[in-house]
Amino acid sequence: MIREIEVYSVEETEQLATKLATLLTPPDVLTLEGDLGAGKTTFTKALAKGLGITRTVNSPTFTIIKQYEGRYPFNHLDVYRLADSDEDLGWDELFYGNAISVIEWAHLIEDDLPKERLEIRLAHEGGDKRKITLMPIGERYEKICEGIFL
């Protein structure tokens, strides 16, 4: 079931991401879509903090992937630069291993994504207002979404 949430501040975005973090375990995969400035990196930073990561988390635009250690290993991918690329970076190892993965611009590697995942879209709606759409694909991700709203 698709769920839409409106948030009106950076803090509300962070609260949602932090709550989501409490529900995740490896090898969960989240995809993040949204225009520049929609809040993808803000969301990911809060998610990482919720996973107990103390290092500074920033967008891996030029490195494609950054890995962090917290309660669980955490992969943060930005695959924007892989548009029109046939490069396989060991997706199976990343997506089915012992880490939680967040992929920004995931539509660019659609064919390589796990069949089941949580798709998250962030839309800028003026000022600090954002619409966050959660689209769970698979029973596990349906349960995660239910947990967010309990």
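Residues numbered from 1 in each chain as written. Predicted model: local features only at pLDDT ≥ 70, side-chain atom pairs only at ≥ 80, totals over all residues. Heavy atoms only, no water.

**Describing the overall build of the chain**
Within the chain, the secondary structure is distributed over four helices and seven strands. Relative to a compact globule of 150 residues, whose C-alpha radius of gyration would be 15 Å, the chain shows 14 Å and is just as compact. Here the chain holds 150 residues, and 47% of them are scored as buried. For the chain, the accessible area works out to roughly 7900 Å², and carbon and sulfur atoms hold 48% of it. One finds the centroid of the 17 positive side-chain charges in the chain at a distance of 6 Å from the centroid of its 27 negative side-chain charges. (Helix = DSSP H or I, 4+ residues; strand = E, 2+ residues; numbered from the N terminus. Rg over C-alpha atoms; globule rule 2.2 N^0.38 Å. Buried < 20%, exposed > 50% of the residue type's maximum accessible area, 1.4 Å probe, protein only. Areas by Shrake-Rupley, 256 points an atom, 1.4 Å probe, with all protein chains shown as cover. Lys, Arg positive; Asp, Glu negative; His and termini not counted. Charge placed at Lys NZ, Arg CZ, Asp CG, Glu CD.)

**Section: the sheet that holds strand β7 (residues 130-137)**
Hydrogen bonding along the main chain pairs the strands of a sheet, whether they run parallel or antiparallel. Spatially, β1-β7-β6-β2-β5-β4-β3 is the arrangement adopted by the seven strands of the open sheet, whose pairing is mixed. In this open sheet, the two edge strands, each paired with only one partner strand, are β1 (3-7) and β3 (65-69). Neighbouring strand axes in the sheet, compared pairwise and without regard to direction, differ in orientation by 20° on average. With respect to the sheet, helix α1 (residues 10-21) is in contact with β1, β2 (29-33), β6 (117-124) and β7, its orientation differing from that of β1 by roughly 140°. (Pairing = 2+ DSSP bridges. Axes fitted to C-alpha atoms, helices over the stretch in contact; angles between N-to-C directions. Contact = heavy atoms within 4.5 Å.)

**A closer look at the pairing of strand β4 (residues 73-78)**
The element β4 is extensively covered by neighbouring structure, given that six of its six residues are classed as buried. Neither face of β4 is exposed, since P73, N75 and L77 on one face and F74, H76 and D78 on the opposite face are all buried. Here β3 runs beside β4; their pairing, made up of five bridges, is antiparallel. Among the inter-strand pairings, K66 is bridged to a residue of β4, identified as H76. Between β3 and the antiparallel strand that follows it, β4, lie three residues. When β4 meets strand β5 (residues 100-104), the two strands line up parallel, connected through five bridges. Its bridge partner being in β5, H76 is matched across the sheet by V102.

**Looking at a negative patch on the surface**
Side chains of E11, E12, E14 and D128 sit close together on the surface and give a patch of like negative charge. Here E11 is to be found in helix α1. (Patch = residues over 30% accessible without salt bridge, like charges linked within 9 Å, V, L, I, M, F, W, Y side chains within 5 Å. Salt bridge = Lys/Arg side-chain N within 4 Å of Asp/Glu carboxyl O.)

**Remarks on the packing of aromatic side chains**
Across all of its chains, the model carries one aromatic pair by this definition. With a centroid separation of 6.2 Å and 35° between ring planes, the pair formed by Y68 and F74 is classed as tilted. Pair check on accessibility: Y68 and F74 agree, each one buried. (Phe/Tyr/Trp six-rings, centres within 6.5 Å; stacked < 30°, edge-to-face > 60°.)

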